[in-house]
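What follows is the residue order along each chain.
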Amino acid sequence: MKTIIVFYSLEGSTRKVAERLAVELKADLLELKPVKPVKNNGSKFMHGGGQVMFGICPKLEDYTFSVSDYDRVIIGTPVWAGSFTPAIKTFLKDNELNYKVSAVFTLSGSGKNEGCLKKLKKKCPSILNDANLLDTNNPDNEETNEKRIKNFISRIRYD
Ligand SMILES: Cc1cc2nc3c(=O)[nH]c(=O)nc-3n(C[C@H](O)[C@H](O)[C@H](O)COP(=O)(O)O)c2cc1C
């Protein structure tokens, strides 16, 4: 089973989980990077949230990806303004994923990922499993995340 984890991360939480999953699942990793990144400063909510609100698909830096090389795709995204991130939106628009997206993990500050998940499932109806994770930059979330990550891995290991 050849797996790739495709993710976007502004502040490192999603990247941390993606890297761990890649090791545990022996999966490839693809980090999406917008050509004009949202800056990780005080303007991020307005800039990033605005992109979500206006449905913007930012141009991404070049990457190498061929869906036919993989049996499944796992998506990782922070929740932004109750949705998935614009970089993921671009990736889904630019690639014909042929129902290979089987799982998704989201990172959020609030733990509320329902809207994000619903929108992602609408775009990728093949999603069977998901993990609702909390910002890893907050140490208080470690125990909860650990349980949820282990549970997620056990559910998707033999998908
Ligand atoms: C532009 C922006 C919008 C956000 N919107 C939400 C939101 O709607 N709900 C929420 O729970 N967290 C929200 N957050 C918090 C992030 O989802 C959370 O910090 C996540 O762990 C960040 O992942 P990252 O470190 O991989 O970038 C937002 C953060 C940013 C920068």
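Located above this text is the structure these notes cover.
Residues numbered from 1 in each chain as written. Predicted model: local features only at pLDDT ≥ 70, side-chain atom pairs only at ≥ 80, totals over all residues. Heavy atoms only, no water.

Quick notes on the state of the cysteines
Item 1. Applying the stated criterion across every chain, the model contains zero disulfides.
Item 2. Left without a disulfide partner, Cys116 is nearest to the cysteine sulfur of Cys124, which lies 11 Å away. (Disulfide = S-S within 2.5 Å.)

Here we look at the site of the ligand
Item 1. Close contacts around the ligand come from 20 residues, with Ser9, Glu11, Thr14, Val79 and Ser110 the closest.
Item 2. In the environment of the ligand, an oxygen atom lies 2.9 Å from a nitrogen or oxygen atom belonging to the backbone of Gly82.
Item 3. Protein burial of the ligand: of its 650 Å² of free accessible surface, 88% is covered by the chains.
Item 4. At the level of elements, α1 (13–25), α2 (44–53) and β4 (101–108) are the ones that each hand at least two residues to the shell around the ligand.
Item 5. When residues of the shell around the ligand are assigned to their parent elements, the largest contribution, four residues, is made by α2.
Item 6. A class-by-class count of the residues in the shell around the ligand yields seven nonpolar, 10 polar and three charged. (Near = heavy atom within 4 Å. Polar contact = N/O pair within 3.5 Å; in protein donor to acceptor, adjacent residues only side chain to side chain. Areas by Shrake-Rupley, 256 points an atom, 1.4 Å probe, with all protein chains shown as cover. Helix = DSSP H or I, 4+ residues; strand = E, 2+ residues; numbered from the N terminus. Nonpolar A, V, L, I, M, F, W, Y, C, P; charged D, E, K, R; others polar.)

Section: unusual backbone geometry
The general pattern is negative phi for most residues beyond glycine and trans for most peptide bonds.
Item 1. The residue Ala81 is not glycine, and still its phi comes out positive at about 50 degrees.
Item 2. Counting through the fold element by element, Ala81 comes out in the loop between β3 (72–78) and α3 (86–94).
Item 3. For Ala81, a relative accessible area of 46% puts it in the partly exposed group.
Item 4. The residue Asn98 is not glycine, and still its phi comes out positive at about 50 degrees.
Item 5. Here Asn98 shows up in the loop between α3 and β4.
Item 6. When its relative accessible area of 44% is taken as the criterion, Asn98 is described as partly exposed. (Buried < 20%, exposed > 50% of the residue type's maximum accessible area, 1.4 Å probe, protein only.)

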